[in-house]
Amino acid sequence: MDYHRPTYHLTPPANWMNDPNGAIQWQGNYHLFYQHNPHAPVSVNKHWAHVVSRDLLHWQHLPLALAPTPGGYDKDGCFSGCMVVNHGVPTIVYTGVFPEVQCLATSSADLREWHKHPANPVLWQRPAGLKTLTFRDPYVWQGADGGWNMLLGSGLDGEGGACLLYRSADLLQWEFRSVLFSAPASEYGSRWNCPIFFEMGGRQVLIVSGQPVWKPFFFTGTFDGTHFTPQTTGMVDYGGNLYATQVFFDDAGRAIFWGWIWEGRPDAEIRAAGWAGVMTLPRLVRLTPAGALAFSPAPEVQTLRHAHMALASQVILPGETVLENIQGDALELVIRLNPAGSERCGLSVLCAADGSEQTHIGYDSTQRTVFIDRRQSGLNPQMQFGWPNPPYHAAPLDLEPGQPLELRVFVDHSVIEVFAADGLCLSSRVFRQTAASTGVRLFAHGGAAQLEALDAWELAL
Ligand code: DQQ
């Protein structure tokens, strides 16, 4: 029994998963594609895997949508991209590698059989006069005039991450328009992957994933048809384990977000497990009054709730309180906790009975941050934190005096997703030493805290 394998998050049936691709609601069903190596849990030889769901949670795995063509323009992989509907024809726009070129594939109306377009690659020339680094991950949308726009994730050598804007009348002939936007490498990475660009609440939203910082960022601002001018910026997820995102609008007009939660454990362990990569829970995206992006679990996630456990309001004395009636490794925990006189307070999950391993999630009143602390998370000597991913992550959260911390914490074996009431989220991975570490504790340090309410549910599909 692989006790690290999530049970209610989407994972590949076997082998490798990374970026979500081509998300769409089509004929009522939710379709999602993802970067997949069907032959090994290793990040090479990317195909597009395909899953379908009626509720964003229960997925049926369908035949692979795209595979590299030996000797072809995508011989080294079918990299990330998007889906558009062109005159009623479902069309994938993706990057073939190497070198990076943009390609199309179309399908019958059931989205089951994909055919690469004979005109591929439809875009291979890079803009003249620019020193572009990457040239990939098309995000395509139709303008009010019926013409097509495409953003490519790139970087300008010596400057920073950048998005390139192209225009086309037919998805086949593309003309370079502009560098839509770029930002300093020191803060946002030198190469951008998986750009997402959409309008929300009167603002234009840009999301990019930056290498080599391995973080997704958002910007909200204005778009004049050629250039994007940001007014706000922030992190999409503060947990340090999330990269490469998609946002699509469903038939009800909801902006639904997917992201790839990566492993961060040694290759030998991944090979032994036989699978790698997890998709986030479906998240709804909204704009705060200040123009920042905020995230919350899609309401459908509540349908996963089974046995309910609860704890009444009580003082949490300094130290740790072991909860006898709440435990598990597939849980949702909803906590309302007033930090009161404590310096740090919160809950610990995946705890060993003797406390020797546990993961802390809570509020630091001295730093004014919500945090996930994995410094005690595993005795596993092999455990490491992968790409630059330290064991402690924090997000700024200003609680007013007397205002409780409100968190929804999802534990799914090795996955933890934390949502704060104001829309911050932290996604993380924890590889505990033993399957028996399923305890839940409350803690307060530097003073007492006041628990207002704690509800917990076992979650299952
Ligand atoms: N993953 C894909 C690329 C993308 C990167 C390859 C981001 O298209 O830039 O699997 O994780």
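Structure shown above.
These lines cover the structure that appears in this document, whether it is placed above or below. (Residues numbered from 1 in each chain as written. Predicted model: local features only at pLDDT ≥ 70, side-chain atom pairs only at ≥ 80, totals over all residues. Heavy atoms only, no water.)

1. A short note on the pattern of salt bridges
No. 1: Counting across every chain of the model gives 19 salt bridges.
No. 2: With a shortest N-O distance of 2.6 Å, arginine 441 and glutamate 320 are connected by a salt bridge. Taken together, the positions of arginine 441 in strand S34 (residues 439-445) and glutamate 320 in strand S25 (residues 319-327) put the pair 121 residues apart, joining distant regions of the chain.
No. 3: On the basis of relative accessible area, glutamate 320 is assigned to the partly exposed category, the value being 39%.
No. 4: Taken together, the shared-partner salt bridges connect Glu100, Arg126 and Arg136 into one network. (Salt bridge = Lys/Arg side-chain N within 4 Å of Asp/Glu carboxyl O. Helix = DSSP H or I, 4+ residues; strand = E, 2+ residues; numbered from the N terminus. Buried < 20%, exposed > 50% of the residue type's maximum accessible area, 1.4 Å probe, protein only.)

2. A short note on the sheet that holds strand S2 (residues 29-37)
Backbone-to-backbone hydrogen bonds join strands into a sheet, with any given pair of strands oriented parallel or antiparallel.
No. 1: The mixed open sheet is built from 5 strands, whose spatial order is S4-S3-S2-S1-S19. Two strands in the sheet have a free side with no partner beyond their single neighbour: strand S4 (59-66) and strand S19 (275-276).
No. 2: Bridge count between strand S3 (residues 47-53) and S4: 5 bridges; the pairing is antiparallel. Bridging across to S4, serine 53 finds its partner in tryptophan 59. (Pairing = 2+ DSSP bridges.)

3. Some words on the sheet that holds strand S11 (residues 160-168)
No. 1: With antiparallel pairing, 4 strands are arranged side by side in an open sheet as S9-S10-S11-S12. Each having just a single partner strand, strand S9 (132-142) and strand S12 (175-184) make up the two edges of the open sheet. Recorded for the sheet is a direction-independent mean angle of 20° between the axes of neighbouring strands.
No. 2: Looking at chain direction, S11 and S12 are connected through 8 bridges and run antiparallel. Note that in S12 the partner of glycine 160 across the bridge is proline 184. (Axes fitted to C-alpha atoms, helices over the stretch in contact; angles between N-to-C directions.)

4. Observations regarding the environment of phenylalanine 98
No. 1: Relative to the assigned elements, phenylalanine 98 resides in the loop between strand S6 (89-97) and strand S7 (101-107).
No. 2: As for phenylalanine 98 and leucine 350, which are separated by 252 residues in sequence, their C-alpha atoms are 42 Å apart.
No. 3: Every residue in contact with phenylalanine 98, bar those within four places of it in the chain, is listed here: Lys75, Asp76, Phe79 and Arg136. (Contact = heavy atoms within 4.5 Å.)

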